[in-house]
Protein chains: 2
Amino acid sequence: MQNKITIMLVEDNEAYRNVIKRSFSRDANMELVSQFSTAEIALRSLQELSTRTVPDIILLDLNLPGMSGLEALPYFRQALPDTRIIILTQSDKESDILEAISKGTSGYLLKSATNRQLKDGIRTVMDGGASLDPDVARLILEGMEQTPKQKKPEISLTEKEHSILVLIGQGLEQKDIAKTLCITRNTVAYHIKHIYEKLEVQNAPAAISKAYQTGLFSPGKM
Amino acid sequence: MQNKITIMLVEDNEAYRNVIKRSFSRDANMELVSQFSTAEIALRSLQELSTRTVPDIILLDLNLPGMSGLEALPYFRQALPDTRIIILTQSDKESDILEAISKGTSGYLLKSATNRQLKDGIRTVMDGGASLDPDVARLILEGMEQTPKQKKPEISLTEKEHSILVLIGQGLEQKDIAKTLCITRNTVAYHIKHIYEKLEVQNAPAAISKAYQTGLFSPGKM
DNA sequence: TTGAAAACTACACATCTGTGTAGTGGTCGT
DNA sequence: ACGACCACTACACAGATGTGTAGTTTTCAA
């Protein structure tokens, strides 16, 4: 059998900390190797003891005194890039959830989870998966339900048209686009007119809007 | 005790169908009330028998002969708006997953799931949650990791600046914006200049791009 | 009250944009 | 070989845009 999964707990509520502690103390596969009541203390301990055994998993509360879990998250990630972080909190606020996820967590569990669910989640994460509380998962799913493209009549731009639209979105003027693509400004205008027709708009700003709204562009690129 | 959870299964592989069937036959809380080998047959049965008991859950395979599960999804949703759909498939292709989710599923499980995991998932969905295979959850989480805003220096536009930017994105010209807001075109230009400064761009298309990329605008509105 | 910064209006102007018309060369199906 | 179509170029121009300069009003802290 392999080594125990090592776990760091960052949680201000002592009672809950003890619940977790007791739960792991009876487990042959997991070991709570360190626990802290604030993010600051936890982070300081990482810097001082560079030889400290790196935990496999950090269980991180969001609502901490001083620095919040959300603020601390990037620092943990930087200091311990190989350690996977599971948020363990009461907050089911959508903004908290989305922000935590956007900062790269491997799981988001609510404190209402049973010990068994928590341990399942930890195992799941160690296996390379992600662990989401069902309610959190539903939130995320519902959030994604709209986002992608919704129109049947897919807008299809020529490769050149597409690249011109991208350049427009980057703020280039037509003459600069011409220079970039080694064509004349007239040709650029020619393509742009076609783009507007396909997108059913009449000017550049509207075209860019439409590109994002239809999923032609995705927010993730700059 | 409440009634059994009623389940419809749409799955072309007979062997797997039998596995599921056997699993439910021994369960006091769930009942497999109907099973179909293709989406077409399943959908037809819904139309013909409108008095048929509506299932609580549909377990839907994606890779079906004829109409795929992905294609059939909207029809199921329309015909049975109160029935929650769980995708149960082998495909962990990101595009399949995202498309299924965007069409409004309550869960996405892989066939590698154990009977226990499947039943847990069904129960979770019945409780109002969503059930995701850990690998699927990880995919979604990683996909979301970039998307939201990432900059600390939140861009804050005046209320007027924001509304002007919105109007620009809708394709209005400055003079029309002026008319809409009952100000002069000069004032519109004045605000626009400030918008460009705040967004660090030099023209309207770039400003719109930035607005979407920073989360100032969200794709969901037209 | 005074001064400074911010929000707004006004005017002027060089530049950029969107569009029309027209023409060239290449490709394709018939 | 023909017309049809597409990508491209050229020229022209009204109208829109971005920017500088300047003046007014509002806000707010000293």
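Conventions used here
Residues numbered from 1 in each chain as written. Chains lettered and ligands numbered in written order. Predicted model: local features only at pLDDT ≥ 70, side-chain atom pairs only at ≥ 80, totals over all residues. Heavy atoms only, no water. Phe/Tyr/Trp six-rings, centres within 6.5 Å; stacked < 30°, edge-to-face > 60°. Helix = DSSP H or I, 4+ residues; strand = E, 2+ residues; numbered from the N terminus. Buried < 20%, exposed > 50% of the residue type's maximum accessible area, 1.4 Å probe, protein only. Lys NZ or Arg CZ within 6 Å of the ring centre and 35° of its normal. Pairing = 2+ DSSP bridges. Least-squares fit on C-alpha atoms with pLDDT ≥ 70 in both. Contact = heavy atoms within 4.5 Å. Near = heavy atom within 4 Å. Polar contact = N/O pair within 3.5 Å; in protein donor to acceptor, adjacent residues only side chain to side chain. Nonpolar A, V, L, I, M, F, W, Y, C, P; charged D, E, K, R; others polar. Right-handed = clockwise from strand over helix to strand, strands pointing away. Buried area = accessible area lost by both parts, 1.4 Å probe.

> Where do I start with the packing of aromatic side chains in this structure?
The geometry of two aromatic rings is summed up by the distance between their centres and the angle between their planes. Here the structure, examined in full by the defined rule, presents one aromatic pair over all chains. Plain terms: the ring middles of Tyr212 of chain A and Tyr212 of chain B are 4.7 Å apart, the flat faces sit at 10° to each other, and that makes the pair stacked. Remark: Tyr212 of chain B occurs in helix 10 (residues 204-213) and Tyr212 of chain A occurs in helix 10 (residues 204-213); the pair is interchain, linking two chains. Assessed through its relative accessible area of 1%, Tyr212 of chain B is described here as buried. The cationic tip of Lys111 of chain A hangs over the ring face of Tyr16 of chain A; the distance from NZ or CZ to the ring centre is 5.0 Å.

> Please explain the sheet that holds strand 2 (residues 30-36) of chain A as it appears in this structure.
In any sheet, the strands associate via hydrogen bonds between backbone groups, in a parallel or an antiparallel arrangement. Residue and element names in this part refer to chain A. Judged by pairing direction, the sheet is parallel, and its six strands sit side by side in the order 2-1-3-4-5-6 without closing on themselves. Two strands close off the open sheet at either side, each with one partner strand: strand 2 and strand 6 (131-132). As judged from the four bridges shared by strand 3 (residues 57-60) and strand 4 (residues 84-89), these two strands associate in the parallel manner. Across the sheet, Leu59 pairs through a bridge with Ile86, a residue of strand 4.

> What am I meant to see in the relation of the copies chain A and chain B here?
Here two copies of a chain appear, and what relates them is a rotation about an axis with a shift along it. Under the fitted operation, chain A is carried onto chain B by 0.2 Å of movement along the axis and a turn of 180°, and the coordinates agree to an RMSD of 0.5 Å. With respect to symmetry, the two chain copies, as superposed, fit the operation of a two-fold axis. When each C-alpha of chain A is compared by its distance to the rotation axis, Pro205 of chain A comes out closest, at 2.2 Å. When the interface residues of chain A are mapped onto chain B, 98% of them again lie at the interface, so the same face is used by both copies.

> Mind showing me how you'd approach the protein's contact with DNA strand D here?
Near DNA strand D, the surroundings consist of 18 residues, among which Lys160, Thr187 and His191 of chain A together with Lys175 and Arg185 of chain B are the closest. When atoms of DNA strand D within 4 Å of the protein are split into backbone and base, the sugar-phosphate part holds 62%. Between DNA strand D and the protein, one listed contact pairs a phosphate oxygen with a backbone N or O atom of Thr184 of chain A at 3.3 Å.

> Quick question: what am I supposed to make of the protein's contact with DNA strand C here?
Taken together, 17 residues are adjacent to DNA strand C, and Lys175 and Arg185 of chain A together with Thr184, Thr187 and Tyr190 of chain B come closest. Taken together, the sugar and phosphate atoms account for 56% of what DNA strand C places within 4 Å of the protein. Between DNA strand C and the protein, one listed contact pairs a base oxygen with a side-chain N or O atom of Arg185 of chain A at 2.6 Å. Counting only elements with at least two residues in the surface near DNA strand C, the list comes to helix 8 (174-181) and helix 9 (185-199) of chain A together with helix 9 (185-199) of chain B. If you tally residues by element for the surface near DNA strand C, the top one is helix 9 of chain B, at five residues. Residues of the surface near DNA strand C, tallied by class, amount to five nonpolar, seven polar and five charged.

> Quick question: what am I supposed to make of the pairing of strand 5 (residues 107-110) of chain B here?
For a regular strand, side-chain orientation follows a simple rule: the groups alternate between the two sheet faces. All names here are of chain B. Here strand 5 shows two buried faces, one formed by Gly107 and Leu109 and the other by Tyr108 and Leu110. The sheet contact formed by strand 4 (residues 84-89) and strand 5 spans four bridges and is parallel. Within strand 5, the position partnered with Leu88 by the bridge is Leu109. Traced from strand 4 through helix 4 (residues 94-102) to strand 5, the parallel crossover comes out right-handed. Bridge analysis of strand 5 against strand 6 (residues 131-132) gives two bridges, and the strand direction is parallel. Pairing of Gly107 across the sheet is with Ser131, part of strand 6. The handedness of the strand 5 to strand 6 crossover, carried by helix 5 (residues 115-126), is left-handed.

> I would appreciate a short explanation of the interface of chain A and chain B in the present structure.
Accessible area lost upon the coming together of the parts is a frequently used measure of interface size. On the chain B side, the residues contacting the 43 residues of chain A number 43 residues. Where chain A abuts chain B, roughly 3500 Å² becomes buried across the two surfaces, and 64% of that area is made up of carbon and sulfur atoms. Between the two partners, chain A and chain B, sit ten residue pairs in polar contact (both at pLDDT 80 or more). At the level of elements, helix 4 (94-102), helix 5 (115-126), helix 6 (134-146), helix 7 (159-169) and helix 10 of chain A are the ones that each hand at least two residues to the side of chain A that touches chain B. Of the residues contributing to the side of chain A that touches chain B, the split by class is 19 nonpolar, 15 polar and nine charged.

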